[in-house]
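# Breakdown of the fold
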Amino acid sequence: MEPVRTVEGRAYPFGAENVDTDIIIPAHWLKTTTRDGLGEGAFESVRAEPGNVFDNPEYAGAPVLIAGDNFGCGSSREHAAWALADMGVKAVIAPSFSDIFSGNAFKNGIVTVVLPQDAIDRLMEVAKTDEITVDLETMTVTTSFQDRFRFELDPFRRDCLMQGLDEVGLTLAKDTAISKYESGIANSRPWLVPQSGGEGRDESIAVESAGRA
Amino acid sequence: MASKPLTLYEKIWADHVVERRDDGTCLIYIDRHLVHEVTSPQAFEGLRANGRKVRRPDLTLAVPDHNLPTTARVDARGARLPIADPASAGQLAALERNTADFGIAYFDAVAPEQGIVHVVGPEQGFTLPGTTLVCGDSHTSAHGALGALAFGIGTSEVEHVLATQTLLLKQSKTMEVRVEGALGFGVSAKDVILAIIGRIGAGGGTGHVIEYTGDVIRSLSLEGRLTVSNMSIEGGARAGLIAPDETTFAYLKGRPMAPKGEAWDWAVDYWRRLPSDPGAEYDRTVTLDATDIAPSLTWGTSPEDVVPITGVVPDPDSFDDPAKRAAARKSLDYMGLTPGTRMQDIALEHVFIGSCTNSRIEDLRAAAAVVKGRKVADRMKQALVVPGSGLVKRQAEGEGLDRIFIEAGFEWREPGCSMCLAMNPDKVPAGERCASTSNRNFVGRQGPGARTHLVSPAMAAAAAVTGRLTDVRDLLGDGTV
Ligand code: SF4
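Residues numbered from 1 in each chain as written. Chains lettered and ligands numbered in written order. Predicted model: local features only at pLDDT ≥ 70, side-chain atom pairs only at ≥ 80, totals over all residues. Heavy atoms only, no water.

## Brief notes about the overall build of chain B
Counting its secondary structure elements, chain B contains 16 helices and 19 strands. Whereas a compact globule of 481 residues would reach a radius of gyration of roughly 23 Å, chain B reaches 22 Å, a difference of no more than 12%. Its C-alpha atoms put chain B at 60 × 60 × 45 Å along the principal axes. With 481 residues in all, chain B has 67% of them scored as buried. Expressed as a percentage of contacts within chain B between residues at least 6 apart in sequence, the contacts between residues at least 24 apart total 76%. For chain B, the exposed area adds up to about 15400 Å²; of that, 52% sits on carbon and sulfur atoms. Across chain B, the mean location of the 51 positive side-chain charges is 2 Å away from that of the 60 negative side-chain charges. (Helix = DSSP H or I, 4+ residues; strand = E, 2+ residues; numbered from the N terminus. Rg over C-alpha atoms; globule rule 2.2 N^0.38 Å. Buried < 20%, exposed > 50% of the residue type's maximum accessible area, 1.4 Å probe, protein only. Contact = heavy atoms within 4.5 Å. Areas by Shrake-Rupley, 256 points an atom, 1.4 Å probe, with all protein chains shown as cover. Lys, Arg positive; Asp, Glu negative; His and termini not counted. Charge placed at Lys NZ, Arg CZ, Asp CG, Glu CD.)

Set out below in structure tokens:
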């Protein structure tokens, strides 16, 4: 993954609340088997409306997106993060994010910045004319008008983003600890190994609660 | 010294920590991983690109569900029919290749066990109390009904679990949702969870793991509990737990992948120690009185837009919050509704009985009880029943439920997600209205421009036979019960 230290440039002043992942990328775009090309389907329903921010040439290719409360709610589809990444978005600023979305965004090198609503309101104004800078080093969002909003970022995520680390590789390095845990449960909870992993079909299997008519 | 009383969530968490980092992030072991065709291709692609293997194929189970057509899958001679949509066919082919290459158990599109991943897991006994279970799908919360810590993950996490059988997580806050009292006549588990989401809001559980408690939850069947936990994510909570009890054990005993013999006894012994200790503290508690819950449904485009069927379309101006007012106006515009209209006066063209929320045998029975001896209303364009799995379908056919539906004018389909998310050919056309037993009424969810009202199976059946949103109690009251 590419390291991210700062994200600087124009920002889409989107601002909508409760933007679910169906809005970010509708279900009919999910039938891919790769991660690329989803930017084309991003915000399809929003872009169907005349005068929307995403088709405004002023913001074309903006690396920042400003949104309202509860951004990325709904389905866990990572396609939402891939679609934003494919659009060129590297940071989303909102008062809150759904847990799953912010995890997915992080794994694709997109910074999710939580700021209070009054800061969002101010940034929405600035975004209409000027650039915005998200700096992971100082954990601030700044504008050329001396605005300076501090934000919090999980230290681990911040490190990973700034160094461009691959999470799977990091965890694979913990193989000894994982193997130790596995031999522990093999002793304490041996029933956790599934019965014959899907083989041995029992034709009489019930599909309801036992003891009911 | 007595140890601190723990919640069910805290107990499961503690038993799955592989490693704890200074900042509180934990490497959590994953006991069960369900895989389907839509959110896994890129994960397997990632493994291949890095020359990695699946750490525990034996803890992984795959089944296609999201974009399989629900029409016949084999021809008269038993040969498999091709899938018309090339993109869907491509995802299915990728899943078949990936499960074969990586040695993962797989129920293919024509296996009798095939079905919606969240119906199949519990039904096979793959889902067990006290386990951690994940799937690249947000309604994985459903499995919490068996007392499993179950939640949806994204594709990068799918790859992480495939490669390492672990996830990096931070402990969530806990929220108790207590439902006391008793359910009224004609009120189902679906009405309970709609009422809960109406109360806490679509973001109410964000950052929390819910535990559902109280008499009403205890009295629900396992199927009803699955309906409740399923929609935890619609209240913003990634997971929604229900403590395992005798209902859970009776449901699991004898299922193909559940422990057998001596292992079963050890398991039950462990499961009995899981329920939250007396005096355990939650970060938040919300209490509902079930006597206040009527058959319910949604009027807008968020699952929190809930009203009782006896209610009216709300006036956007009645909301205090300006953002809510604007959202309600937009919703009503999309839904084609006028404030003050009685919900029962709203006519519709489609009914969908299915999805991982309400496609189990009990759901089909509840719907069939309403449909029996009646006909789908003339104005209806489509009334679909899509069983949650091949096993549910076969059982329903054994009970003659398929005849009841077909004779009334419903279509009886093959198992899959179907009209829940319109990834396969089952869609609601733009501007048309559907009473749906699924879990999401988002804009475009059932097809571009589709208008969705979330309801229980009995309420969906009632709407199908009258052609409008209907209080099912009126139909049940005329001699059927
Ligand atoms: S039935 Fe609907 S909600 Fe459930 S897994 Fe399928 S698409 Fe998701």
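## Points about the packing of aromatic side chains
Following the criterion strictly, the structure yields 18 aromatic pairs over all chains and no others. Taking 5.3 Å as the distance between ring centres and 35° as the angle between the ring planes, the aromatic pair formed by Phe44(B) and Phe102(B) counts as tilted. Placement of Phe44(B) in helix α2 (residues 41-49) and of Phe102(B) in helix α3 (residues 86-102) is noted, with a sequence separation of 58 residues between them. One exposure class covers both Phe44(B) and Phe102(B), and it is buried. The structure contains a cluster of three or more aromatic residues connected by ring pairs, namely Tyr12(A), Phe14(A), Phe43(A), Phe54(A) and Tyr59(A). The ring of Phe156(A) is capped by Arg21(B), whose NZ or CZ atom sits 3.8 Å from the centre of that ring. Positioned above the aromatic ring of Tyr251(B) is the side chain of Arg255(B), whose terminal nitrogen or guanidinium carbon lies 3.9 Å from the ring centre. (Phe/Tyr/Trp six-rings, centres within 6.5 Å; stacked < 30°, edge-to-face > 60°. Lys NZ or Arg CZ within 6 Å of the ring centre and 35° of its normal.)

## A look at the interface of chain B and chain A
Accessible area lost upon the coming together of the parts serves often as the stated size of an interface. Contacts between the two partners involve 89 residues from chain B, matched on the other side by 60 residues from chain A. Viewed at the interface, chain A and chain B are joined by 10 salt bridges. Linking Lys170(B) and Asp154(A) is a salt bridge whose minimum nitrogen-to-oxygen distance equals 2.3 Å. Between the two partners, chain B and chain A, sit 25 residue pairs in polar contact (both at pLDDT 80 or more). Of the residues forming the side of chain B that touches chain A, the biggest block, 7 residues, is contributed by helix α5 (residues 155-164) of chain B. (Salt bridge = Lys/Arg side-chain N within 4 Å of Asp/Glu carboxyl O. Polar contact = N/O pair within 3.5 Å; in protein donor to acceptor, adjacent residues only side chain to side chain.)

## Some thoughts on the domain arrangement of chain A
Parsing chain A into structural domains produces domain 1 (6-165) and domain 2 (174-212). Its C-alpha centre places domain 1 of chain A at a distance of 40 Å from the equivalent point of domain 2 of chain A. (Domains from an automatic or database assignment.)

## Looking at the pairing of strand β7 (residues 149-152) of chain B
Residues and elements named next belong to chain B. Burial along β7 is two-sided: the residues Leu-149 and Phe-151 and Ala-150 and Gly-152 are all buried. The pairing of strand β6 (residues 132-135) with β7 spans 4 bridges and is classified as parallel. Paired with Thr-132 across the strands is Leu-149, a residue of β7. (Pairing = 2+ DSSP bridges.)

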